[in-house]
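Structure at a glance
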Amino acid sequence: MQGHKVKLQSALARRIWFVVGSCKDIPVYSLDWTPEKNRIVSASQDGRLIVWNALTSQKTHAIKLPCAWVMTCAFSPFGHSVACGGLDSVCSIFNLNSPTDKEGNLPLSRMLSGHKGYVSACQYVPDEEGHMITGSGDQTCILWDITTGLRTSVFGGEFQSGHSADVLSVSINASNPKLFVSGSCDTTARLWDTRVASRAQRTFYGHEGDVNTVKFFPDGNRFGTGSDDGTCRLFDIRTGHQLQVYYQPHGDGDMPHVTSIVFSISGRLLFAGYSNGDCYVWDTLLAKVVLNLGSVQNSHEGRISCLGLSADGSALCTGSWDTNLKIWAFGGHRTVI
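Residues numbered from 1 in each chain as written. Predicted model: local features only at pLDDT ≥ 70, side-chain atom pairs only at ≥ 80, totals over all residues. Heavy atoms only, no water.

You'll find the chain entered in an unreviewed UniProt entry as Guanine nucleotide-binding protein subunit beta-2-like isoform X2, with Nicotiana sylvestris given as the organism. The chain has a UniProt comment under Sequence similarities (unreviewed entry) that states "Belongs to the WD repeat G protein beta family." What UniProt records for the chain under Function (unreviewed entry) is the sentence "Guanine nucleotide-binding proteins (G proteins) are involved as a modulator or transducer in various transmembrane signaling systems. The beta and gamma chains are required for the GTPase activity, for replacement of GDP by GTP, and for G protein-effector interaction." (UniProt positions renumbered as here; feature names shortened; annotations may be inferred.)

What follows is the structure in structure tokens.
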């Protein structure tokens, strides 16, 4: 079977796993859960997007891409379509309900073209199928009208308050979808209001390396970041203050990079993936490690590249350069954390 691997795993109770497919030596770069049903879309540079049933581990779609060099993927809010972007500088959208062509391939339903650099991040606006925000190596973010394929607003670029280096990550505020944050190689994160594209609302400093990942806290008033400097940080969008720093429990020397973060539904836990294969579960209040998923049996053997939490908060999916996706069910049963 063509495609990267998936392992289903119960991390804190019985650890059950199995492989449903493999693609040798092809790292997984991105994943996203559908908000409603138990499906996951994953992207690796094998030239396909794969949609999985997270309960059965069965592959439901293997979408052939116009460009194999994909870096990011996303599920639409109602699960009708998936999107991806990468080194071709466009965001490609596929309607999962469209009929396949005579070769069995799902046709491309929309191509969002306008960035002048690689597309590093894409996210649908919550509760909408018609709008999306992308981030790019051209130092900008763009709000798109998917129906027309046109740019609604461009954030950054010629504006002085924009990023001065590649944008690596974006996160939209689920409580107020007019707000989103972006993380960049310029070591900052910036808060944007889609109604005021001409300037960033705030710039957040503190990191000493590329900001690889940003994610809003569940209450929408705070957000987290992860960086090449090896730390995660928590910021308040109302005051602009840094609230907490999450230092790895390593000694001196080069710290593994933080590649991806996600909060539990309650916000009490922060999951952080690292370039050495560790995946720390942090207590957000105490800034202490509760568990390292990288140290348990059958953990990843390579860089953690992406994380995602199921809609009900009961399971975490991790993707890695070891070609595997793993689903961790907390406590061996579905509990909200």
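Brief notes about the environment of glycine 224
Within the secondary structure, glycine 224 sits in strand E19 (residues 222-227). Glycine 224 sits in the buried class, given a relative accessible area of 1%. Between the C-alpha atom of glycine 224 and that of valine 181, which follows or precedes it by 43 residues, the distance is 9.8 Å. Setting aside residues up to four positions removed in sequence, glycine 224 forms contacts with Thr213, Val214, Lys215, Arg233, Leu234, Ile261 and Phe263. (Helix = DSSP H or I, 4+ residues; strand = E, 2+ residues; numbered from the N terminus. Buried < 20%, exposed > 50% of the residue type's maximum accessible area, 1.4 Å probe, protein only. Contact = heavy atoms within 4.5 Å.)

Things to note about the sheet that holds strand E14 (residues 167-172)
Each strand in a sheet pairs with another by means of backbone hydrogen bonds, the pair being arranged parallel or else antiparallel. An order of E14-E15-E16-E17 is seen for the four strands of this open sheet, with the pairing classed as antiparallel. The open sheet is flanked by E14 and strand E17 (202-204), the only strands paired with a single partner. Between one strand and the next, the sheet's axes are offset by a mean angle of 20 degrees, whatever the strand orientation. Sheet topology note: the E14/strand E15 (residues 179-184) ladder contains five bridges and is antiparallel. Residue pairing for E15: valine 170 is matched across the bridge by serine 182. (Pairing = 2+ DSSP bridges. Axes fitted to C-alpha atoms, helices over the stretch in contact; angles between N-to-C directions.)

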